[in-house]
Amino acid sequence: MDISLEKKEMIRKFQQVHDIDLIKAINSLLDFGIHKQTDDEIALKASIDRAINESQKGLGRPYEEFMAEARKRYQA
């Protein structure tokens, strides 16, 4: 199922809930997920920026070298 359909179904069900404790629990869970998503996005951007910076300074390894090592290490 695609994410927009999942969201619509969740909203439909949520509108049927009348238990305030359940609503608060779901809200807390959503806040946690949004916060974690934001943290992950910040960490990913920092990692990409660091990699670009290192590459511009010539500190990285050539793609072919890295891939050869990765293939050797993770060969099934």
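Refer to the structure above for everything that follows.
Described below are features of the structure shown in this document. As the structure is a prediction and not an experimental result, all values here were calculated from the model.

About the thresholds
- Residues numbered from 1 in each chain as written.
- Predicted model: local features only at pLDDT ≥ 70, side-chain atom pairs only at ≥ 80, totals over all residues.
- Heavy atoms only, no water.
- Helix = DSSP H or I, 4+ residues; strand = E, 2+ residues; numbered from the N terminus.
- Rg over C-alpha atoms; globule rule 2.2 N^0.38 Å.
- Areas by Shrake-Rupley, 256 points an atom, 1.4 Å probe, with all protein chains shown as cover.
- Buried < 20%, exposed > 50% of the residue type's maximum accessible area, 1.4 Å probe, protein only.
- Salt bridge = Lys/Arg side-chain N within 4 Å of Asp/Glu carboxyl O.
- Patch = residues over 30% accessible without salt bridge, like charges linked within 9 Å, V, L, I, M, F, W, Y side chains within 5 Å.
- Expected span 1.5 Å × (residues − 1).
- Polar contact = N/O pair within 3.5 Å; in protein donor to acceptor, adjacent residues only side chain to side chain.

The next subject is the overall build of the chain. Check the secondary structure of the chain and you find three helices and zero strands. From first element to last, N terminus to C terminus, the chain shows the α and β order α-α-α. Compactness check: the chain gives a C-alpha radius of gyration of 22 Å against a globular reference of 11 Å for 76 residues, more than 25% above the reference. Carbon and sulfur atoms provide 60% of the accessible area of the chain, an area that totals close to 7300 Å².

Its location among the elements puts isoleucine 48 in helix H2 (residues 20-56). You can call isoleucine 48 partly exposed: its relative accessible area is 43%. Separated by 27 residues in the primary sequence, isoleucine 48 and glutamine 75 have C-alpha atoms spaced 26 Å apart.

Before going further, it helps to spend a moment on the pattern of salt bridges. Under the definition given, this model contains five salt bridges. Taking the shortest distance from any N to any O, the salt bridge between glutamate 9 and arginine 12 comes out at 2.5 Å. Taken together, the residues glutamate 9 and arginine 12, both in helix H1 (residues 3-14) and three residues apart, mark about one turn of the helix. One salt-bridge network, in which partners are shared between bridges, spans Arg61, Glu69 and Arg73.

This part covers a nonpolar patch on the surface. Taken together, the side chains of Met10, Leu30 and Ile34 make up a nonpolar region of the molecular surface, amounting to roughly 290 Å² of accessible area. Looking at the element boundaries, isoleucine 34 is found in helix H2. The exposure class assigned to isoleucine 34 is exposed, which follows from its relative accessible area of 53%.

It is worth spelling out H2 at this point. An α-helix turns once every 3.6 residues. As a result, residues three or four positions apart point the same way. With 37 residues, H2 extends 54 Å between its outermost C-alpha atoms, agreeing within 8% with the 54 Å of an ideal straight helix rising 1.5 Å per residue. Between the side-chain oxygen of the N-cap and the backbone nitrogen of aspartate 21 there are 2.9 Å, and the N-cap of H2 in question is aspartate 19. Positive backbone phi, approximately 75°, marks glycine 58, located one or two places after H2.

So, to be careful, I would describe these as geometric facts and stop short of saying anything about function.
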